[in-house]
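Now for the letters of each chain:
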Amino acid sequence: MGNLVRFSVAMDEALLDRFDGMVARRGSAVNRSEAVRDLVRRALVEAEWEASDQEIVGTITMVFDHHATDLSDKLDSLQHAHHERIISSMHVHLDAHNCLEVIVVRGTSAEVRSIADALLGTKGVKHGKLVPTTTGRHL
Ligand code: NI
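Please read all numbers here as calculations on a predicted model, not as lab measurements.

Engineer: Which residues make up the domain arrangement of the chain, and what values go with them?
Structural biologist: Accessible area lost upon the coming together of the parts serves often as the stated size of an interface. When the domains of the chain are assigned, the result is domain 1 (13–50) and domain 2 (55–133). The gap between the C-alpha centroids of domain 1 and domain 2 is 30 Å.

The structure is reproduced here in structure tokens:
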């Protein structure tokens, strides 16, 4: 981390009260400054995510029934087709039917989105989400 710089921000009192209430609910480890830093970092990650030519990292989480016809094979084939972009995956057998898979993908945001759309759009995937993050290299 670089030098800490203090700056003042003018804000509507009611808005600040609500913000402080949210910060308080997050516990004593978080103070107002840390909460503002988190928001700024999140905004920068989102901006980087929108600049589709830069490398980003994302996790794709999905839940599916491995008994569904050909589903496991289809998901597996998709992942093999994108083996250069998929860096890691974890498979958890949730119960007798359901599997949870978490896949880490690195590439441009367009590539990561396309892989996530293909996996999450596969018929039989019950729930899924792409969470974009960043290496922080460009922040
Ligand atoms: Ni399983």
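Engineer: Hey, could you go over the coordination of the nickel ion for me, with residue numbers and the actual values?
Structural biologist: The protein atoms that coordinate the nickel ion are His91 (NE2), His93 (ND1) and Cys99 (SG), at distances spanning 2.0 to 2.4 Å. Here the donor residues of the nickel ion are spaced in sequence according to H-x1-H-x5-C. For His91, a relative accessible area of 36% gives the class partly exposed. Judged by relative accessible area, which is 62%, His93 ranks as exposed.

Engineer: Before we move on, could you go through a nonpolar patch on the surface and cite the residues and values that matter?
Structural biologist: Side chains of Phe7, Val9, Met11, Leu15, Val36, Val40 and Leu44 sit close together on the surface and give an oily, nonpolar patch of about 640 Å² of accessible area. Tallying contributions element by element places helix H2 (residues 32–50) first for the nonpolar patch, with three residues. Looking at where Leu15 falls in the secondary structure, it is placed in helix H1 (residues 13–25).

Engineer: I'd love a proper account of the layout of surface pockets, names of residues and values included.
Structural biologist: Considered as a void within the structure, the largest pocket measures approximately 730 Å³ in volume. As for the largest pocket, its lining consists of 20 residues, of which Val5, Phe7, Ser33, Val36 and Arg37 are closest to the centre. At the level of secondary structure, the elements contributing two or more residues to the lining of the largest pocket comprise H1 and H2. No other element matches the eight residues that H2 contributes to the lining of the largest pocket.

Engineer: Please provide a residue-by-residue account of the environment of Ala96, values included.
Structural biologist: Mapped onto the elements of the fold, Ala96 is located in the loop between strand E2 (86–93) and strand E3 (98–108). The class of Ala96 is exposed, set by a relative accessible area of 57%. Along the chain, Ala96 and Val45 lie 51 residues apart, while their C-alpha atoms are 38 Å from each other.

Engineer: Tell me about the pattern of salt bridges, and name the residues and values.
Structural biologist: One pass over the full model with this rule turns up six salt bridges. In this structure, Asp20 engages Arg32 in a salt bridge whose closest nitrogen and oxygen atoms are separated by 2.7 Å. Here Asp20, found in helix H1, pairs with Arg32, found in helix H2; they are twelve residues apart in sequence, far enough to count as distant. Accessibility expressed as a relative area gives 25% for Asp20, which makes it partly exposed. Residues Arg41 and Glu34 are paired through a salt bridge, measuring 3.6 Å at the closest nitrogen-oxygen approach. Residue Glu34 is classed as partly exposed on the basis of its relative accessible area, which comes to 22%. Each of the salt bridges in this network shares a partner with another, and the network as a whole consists of Arg26, Glu34, Arg37, Asp38 and Arg41.

Engineer: Lay out the sheet that holds strand E1 (residues 55–65) in plain terms, naming residues and giving numbers.
Structural biologist: With respect to topology, four strands assemble into an open sheet ordered E2-E3-E1-E4, the strand pairing being antiparallel. At either end of the open sheet lies a strand with only one pairing partner, and these are E2 and strand E4 (125–133). With strand direction ignored, the average angle separating the axes of adjacent strands in the sheet is 15°. In the sheet, E1 pairs with E4 via eight bridges, with the strands oriented antiparallel. Pairing of Thr59 across the sheet is with Val131, part of E4.

What counts, and where the lines are drawn
- In this convention, every chain numbers its residues from 1, walking through the sequence in written order.
- This being a predicted model, a pLDDT of at least 70 is required before a residue's local features are given, and a value of 80 or more before pairs of side-chain atoms are given or counted; all residues contribute to the totals for chains, interfaces and linings.
- The side-chain numbers reported here are obtained from all heavy atoms of the structure, hydrogens and water having been left aside.
- How far each domain reaches was decided by an automatic or database domain assignment.
- For Na, K and Ca the donor cut-off is 3.2 Å, and for all other metals it is 2.8 Å, counting N, O and S atoms only; because water is absent from this set, sites may look incomplete.
- When accessible area is computed with a 1.4 Å probe and restricted to protein chains, residues below 20% of their type maximum are described as buried, those above 50% as exposed, and intermediate ones as partly exposed.
- Candidates for patches are residues over 30% relative accessible area with no salt bridge; among them, like charges are joined within 9 Å and nonpolar side chains (Val, Leu, Ile, Met, Phe, Trp, Tyr) within 5 Å.
- Each accessible area is a Shrake-Rupley result for a 1.4 Å probe, and residues are judged covered by the shown protein chains and nothing else.
- Salt bridges are counted wherever a side-chain nitrogen of Lys or Arg sits within 4 Å of a carboxyl oxygen of Asp or Glu.
- Here a strand is any run of E in DSSP of at least two residues, a helix any run of H or I of at least four, and the numbering for each starts at the N terminus.
- Both site types are read off a 1 Å grid over the protein atoms alone. A 1.4 Å probe that fits but cannot get out defines a cavity, while an open set with protein on both sides within 12 Å along at least five of seven lines defines a pocket; lining residues have an atom within 4 Å of a point.
- Grid points are joined across faces, edges and corners, and a volume is the space filled by probe spheres set on the points.
- Here, strands pair whenever DSSP counts at least two bridges between them.
- Note on method: axes are straight lines fitted to C-alpha atoms, helices fitted across the in-contact stretch only, with angles between N-to-C directions ranging 0 to 180 degrees.

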